[in-house]
Amino acid sequence: MSDDTAHGQPGTEVATVDEERYPVPDPGLEEHLPRLTDVDEKAADRATRQVATFFGLVPILSIGFVVVYFAVPGDAWVDFGPLQANSRNLLLGLTFGLALLFLGIGAVHWARKLMDDEEKIDYRHSAASSEADKNYMLTELDKVVDESKITRRKIIGRTLLAALATILLPMIVGLADLGPWPTKKKRAETIEKTIWAPGVRVVQDITFTPIKPEDIEIGQLINGEPANLQELEGAEFQIEKAKAAVIVVRMDPNTITIPPSRQDWAIGGILCYSKICTHVGCPISLWEQQTHHLLCPCHQSTFDLGNSGVVVFGPAARALPQLPITTDAEGYIIARSDFTVPVGPSYFERDSRNDFKEGDN
Amino acid sequence: MAEPAATVNDETAVQAQTPKKELGPVFKAAAGPTKWLDDRLGIAGLGRPFLRKVFPDHWSFLLGEIALYSFIVLILSGIFLTIWFKPSMAEIEYEGSYELLRGLHMSEAYASTLDISFDIRGGLLLRQMHHWAAAVFVAAMLTHSLRIFFTGAFRKPREINWLIGVAMLTLGIINGFTGYSLPDDLLSGTGLRFVDGLIRAIPVIGTWAEFFVFAGEFPGELIIPRLYMVHILLVPALLLGLIAVHLALVVYHKHTQYPGAGRVQGNVVGYPVFPVYAAKAGGFFLIVFGVLTLMGAVMQINPVWVFGPYNPAEVTAGSQPDWYMGFVEGGIRIMPNWEWHIGSTTWSWNVAIPGLGLMGLFFGLMAIYPFVEAWVTGDKSEHHLLDRPRNNPTRTAFGVAAMTGYAMLWIGGGNDLVATQFDVSLNAVTYFLRVAVFVAPVIAFLVTKRICIGLQHADRDRMLHGAESGVIDRAPSGKYSERHRPISAAQAFTLTQHEDIPALLPATDTDGYSEKEIRREQLRRKATRFFFIDTLRRPTRAEIEEAEHHHLHPMIIGDGEHHAIEAEEEHHLAK
């Protein structure tokens, strides 16, 4: 192929030789200029003292660290302008940090001021091995193959390959118990289910006290949990809490839209939604009282609680699941059922056709 | 004044002639043990290539060193932390000395983190050092990779070391994430919740991956012990192995160097490992260690006791991951809410694309770039001389474009803080970034390329007209002109050491090549035109001679020629 170039230069230049390639000749290394410490003995003495001082401070600071470790009480406090810190932590860090720093500065100063600073030249060799090495390897490897008899007895090679491939199988299969398998049945009893059930009271998040509709004012938001969460402990508690957390809000019924299918999910203007974001599962918490918008502080997905929790902004794709509620005989808010769709972030097997969409009835 | 350089040389010469020099007292004392070791290990032979090995000196070479040293600090402080940290999600009642949380139920992981912070002397210092060292480690790796990229140090024969670097950067980020998830405080739990959502969003296998990683549903009780294993064993072991290979390759290839007088492809100019680099690098390690310690002492980081134990129903506004996860966080935040609902399946592109695709794209582009550039240039030669970024404007522009895209995502990671701090609409910030993340890199590309070419013009002017002197002359005719001074031979050589890579016209003589080969070659040639067509070529020898002729005096001078030049200049002006 012709090597015509756009600006009339010859073809790609391969630079291995240094002379011809350069339009300006290499003037060679610049002359070594002595430093002040090379020519002035006093300057050299001064640099020596500086290095020795840096090194000399290290034992003092190290001992200081030990003294601080044993002498300074843990509750002593430094309150000095912008610096407010635990005294012991601060002093331990200052003594140890400065000791390290001075040791390092001393060493670098020594190298820069006193050690010979004449530049030296090393010559490079190609990264590739020599022809002799390559030839030796090729001929010897050829012999190796011959000596192993693998080319004559092909069945050995084939079975060896099969053996090596399958020996990995136990190692991979051995990991199959990393966790339970999310089969349809397993999903139905884990990520597709919460501990909400008909009659479970909605209680306050922290005090676990049940809530009456008349306790909630218009515009108020309450963080809620199912009353039966209190019976759980440890991991089970965390797992269920991560799915069952809800928010109860009261809005002016005249300013919100409740679709016909959800008329009996609310008590007047009191509605209950999952608190778990449908994006990646953060607990949503920022409530805009006037607009009825609920904003997730993690990624700013915004849901309209006055409109069945549909997404109005942000990366979340699905409406917040709504929990159907009513009141029990004593007048406390209870769930009418579990959520009608799985709460939390999306997953591949999730049937998202039943989620509420803008315009649904 | 004496000439010390010459004296040193003479001494060396004398030593070479008299090998049996009387040894100093240090050597006499060490003779016994070193002989014992040498008889068994052959240490003299092992050490011989390294003792006086030459490394070049430049501040930008310290970035990789900072990464290495902060990794060592991470290991040292990490060992200290493992002595007390309990990687357990078992629920206990806190009875330590931090009164505000006493009596609260929390995981053992969180409680032991509080113990390290409040009840172990120096524990808080080490915790903060460890966290700072992690932030510095990733930052140093990233800036080190930028230095490598912009100077073209990834070119043959160093492509493998570049890939190892990309792998280490990935592992560093992963380990940072696993590390800050361990204390099981509210912020780290929120981070884990995010990862749970991310894993779930993987098309087809997401739910399985989630159940396998978390041993069931989020959060379960195994994720912290598992992350602990990854954090203190798996990833550090991989990193250690990769670091060993990375450094071994630096030694084998010898370090690259910047262009300059006497510095050419075939050599490396610098100082020997012993004594200069032993002191400088050893000292620099201690400086990095010392600075990280001081940071741990005076700069608070990750005060987990303020956040409280993890509670899946709570989160605070302004939650941010550590800085190196910021670009992923930003991608997640500014992504439009695209999700497919096909039949009974959900394809969560709003999470999968920015969460997983972005990291894949970022590291994938980094990994393939050296091979793309090598294919475009068709260059199979070794490169040991670094490029000045201006001399490869397209590469530099790609790098700055990538940095700009990264910056847009990173800003996105704090879109709420941008909104509150600058009093602008959160929605506006987000909509702006959705566009900016694509547009800003293109603008950055174009601007950077023009700046590079402008700098190349400046170099060319310097070569052909000399350096601007700042002295303005007025000719008898009233014309003003600036005097230019010749530049030194060393600088002239530095400015012309790079290679001109040609932009190739489409091939016309295609006989004897297959359709496929022709298509590939034409594509490659098109790529060379994209890369190099507007790159300024360096002046040729003829052009430099022509310029010298035109100016009636050499444009380049060696030392000691100043007087002659000045005299000539006077003469020229007098005319």
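Please read all numbers here as calculations on a predicted model, not as lab measurements.

About the thresholds
- Residues numbered from 1 in each chain as written.
- Chains lettered and ligands numbered in written order.
- Predicted model: local features only at pLDDT ≥ 70, side-chain atom pairs only at ≥ 80, totals over all residues.
- Heavy atoms only, no water.
- Helix = DSSP H or I, 4+ residues; strand = E, 2+ residues; numbered from the N terminus.
- Buried < 20%, exposed > 50% of the residue type's maximum accessible area, 1.4 Å probe, protein only.
- Contact = heavy atoms within 4.5 Å.
- Areas by Shrake-Rupley, 256 points an atom, 1.4 Å probe, with all protein chains shown as cover.
- Axes fitted to C-alpha atoms, helices over the stretch in contact; angles between N-to-C directions.
- Parallel < 35°, antiparallel > 145°, perpendicular 65-115°, else oblique.
- Pairing = 2+ DSSP bridges.
- Domains from an automatic or database assignment.
- Disulfide = S-S within 2.5 Å.
- Buried area = accessible area lost by both parts, 1.4 Å probe.
- Salt bridge = Lys/Arg side-chain N within 4 Å of Asp/Glu carboxyl O.
- Polar contact = N/O pair within 3.5 Å; in protein donor to acceptor, adjacent residues only side chain to side chain.
- Nonpolar A, V, L, I, M, F, W, Y, C, P; charged D, E, K, R; others polar.
- pLDDT = per-residue confidence, 0-100.
- Expected span 1.5 Å × (residues − 1).
- Bend = angle between axes of the 7 residues up to and from the residue.

The helix and strand inventory of chain B stands at 21 helices and 10 strands. Viewed in the frame of its principal axes, chain B has a C-alpha envelope of about 95 × 75 × 60 Å. For chain B, with 575 residues in total, the buried portion stands at 53%. A sequence separation of at least 24 residues applies to 75% of the contacts in chain B between residues at least 6 apart. Accessible surface, chain B: about 27000 Å² in total, of which carbon and sulfur atoms supply 67%.

Residue and element names in this part refer to chain B. Closest axis-to-axis distance for the helix 2 (residues 25-41)/helix 3 (residues 43-51) pair is 7 Å, and the angle between their directions is 90 degrees. Classed by the angle they form, the pair helix 2 and helix 3 counts as roughly perpendicular. Where helix 2 approaches helix 3, its residues T34, L37, D38 and L41 are matched on the opposing element by I43, A44 and L46.

Another point: the sheet that holds strand 9 (residues 293-295) of chain A. The strands that make up a sheet are held in pairs by hydrogen bonds between backbone atoms, and each pair lies either parallel or antiparallel. Residue and element names in this part refer to chain A. Pairing within the open sheet is antiparallel, and its four strands lie in the order 8-9-10-11. Edge positions in the sheet fall to strand 8 (286-288) and strand 11 (310-313), since each of these pairs with one other strand and no more. Mean inter-strand twist for the sheet, computed between neighbouring axes without regard to direction, equals 30 degrees. Sheet topology places strand 9 next to strand 10 (residues 302-304); three bridges connect them, and they run antiparallel. Bridge pairing in strand 10 places H293 opposite D304.

Next up on the list: the domain arrangement of chain A. For chain A, the assigned domains read domain 1 (36-113), domain 2 (136-164) and domain 3 (196-354). Each of domain 1 of chain A and domain 3 of chain A was reduced to a C-alpha centroid, and the two centroids are 58 Å apart.

What follows deals with the state of the cysteines. Residues and elements named next belong to chain A. Under the criterion given, the structure shown has one disulfide over all chains. Each disulfide pairs two cysteine sulfurs, and for C282 the partner residue is C298, the sulfurs being separated by 2.1 Å. Because the sign of the S-S torsion sets the handedness, a value of about -90 degrees for the bond joining C282 and C298 places this disulfide among the left-handed ones. Placement of the pair is C282 in the loop between strand 7 (270-274) and strand 8 and C298 in the loop between strand 9 and strand 10, with a sequence separation of 16 residues. Judged on exposure class, the residue C282 and its partner C298 are both buried. Cysteine C296 shares no disulfide, and the gap to the nearest cysteine sulfur, in C277, comes to 4.1 Å. Residue C296 is classed as buried on the basis of its relative accessible area, which comes to 1%.

With that out of the way, let us pick up the interface of chain B and chain A. When the parts of a complex come together, some accessible area is lost, and that lost area is often used as the size of the interface. The partner chain A presents 118 residues to the 137 residues of chain B that form the contact. Taken together, both faces of the contact between chain B and chain A bury some 11000 Å²; the carbon and sulfur share is 61%. It is B:R121, B:R200 and B:E217 that lose the most area in chain B upon contact with chain A, and together they represent 7% of the buried surface on that side. Linking chain B to chain A there are three salt bridges. For the pair chain B and chain A, the interface holds 37 residue pairs in polar contact (both at pLDDT 80 or more). Residue classes in the side of chain B that touches chain A are distributed as 66 nonpolar, 43 polar and 28 charged. Pairing between strand 3 (residues 120-123) of chain A and strand 4 (residues 267-272) of chain B: four bridges, direction antiparallel. If you follow A:I121 over to strand 4 of chain B, its bridge partner there is B:V269.

To continue, consider the domain arrangement of chain B. Residue and element names in this part refer to chain B. Partitioning chain B into domains gives domain 1 (59-322) and domain 2 (462-574). A straight line from the C-alpha centre of domain 1 to that of domain 2 covers 47 Å. With seven residues of domain 1 at the interface, the matching set in domain 2 holds five residues. For the pairing of domain 1 and domain 2, the buried interface totals around 390 Å² over both sides, and the portion due to carbon and sulfur atoms is 55%. Per-residue buried area on domain 1 facing domain 2 is highest for P259, G260 and A261; these three make up 63% of the total on that side.

It is worth spelling out the sheet that holds strand 4 (residues 202-204) of chain A at this point. Residues and elements named next belong to chain A. Ordered in space as 4-5-6-7, the four strands form an open sheet in which the pairing is antiparallel. On the outer flanks of this sheet lie strand 4 and strand 7, each paired with one strand and no other. Here the average twist between neighbouring strands, direction ignored, is 40 degrees. In this structure, strand 4 lies alongside strand 5 (residues 221-226), joined through three bridges in antiparallel fashion. Opposite V203, over in strand 5, you have E225 as the bridge partner.

Residue and element names in this part refer to chain B. Its place among the elements puts D459 in helix 17 (residues 426-465). Among the polar contacts listed, one links the side chain of D459 to the side chain of R390, at a separation of 2.8 Å. With residues up to four places along the chain from it excluded, the contact list for D459 reads R388, R390 and L495.

Moving on to the pattern of salt bridges. Applying the stated criterion across every chain yields a total of 34 salt bridges over all chains. We note a salt bridge from B:E339 to A:R318, for which the minimum N-O separation is 3.3 Å. Taken as a pair, B:E339 in the loop between helix 13 (326-334) and strand 5 (340-342) and A:R318 in the loop between strand 11 and strand 12 (325-327) lie in two separate chains rather than in one. Owing to a relative accessible area of 13%, B:E339 belongs among the buried residues under this scheme. Note on A:R318: relative accessible area 2%, which makes it buried. Across the salt bridge formed by B:D500 and B:R538, the nearest N and O atoms sit 3.9 Å from each other. Residue B:D500 is located in the loop between helix 18 (489-495) and helix 19 (515-532), and its partner B:R538 is located in the loop between helix 19 and helix 20 (541-551); the two are separated by 38 residues in the primary sequence. Take B:R538: its relative accessible area is 8%, and that puts it in the buried class.

Below, the discussion takes up the confidence of the model for chain A. Taken residue by residue, chain A gives an average pLDDT of 91. The fraction at 70 or more is 94%. In the model, residues 1-19 of chain A has pLDDT below 50 throughout and makes 48 contacts with residues more than four positions away in sequence or in other chains.

As a further point, take helix 10 (residues 223-253) of chain B. Residues and elements named next belong to chain B. The first and last C-alpha atoms of helix 10 sit 42 Å apart over 31 residues, in line with the 45 Å expected at 1.5 Å per residue. Approximately 40 degrees is the largest bend angle found in helix 10, and it occurs at V230. One or two residues past the end of helix 10 sits K254, with phi positive at roughly 65 degrees.

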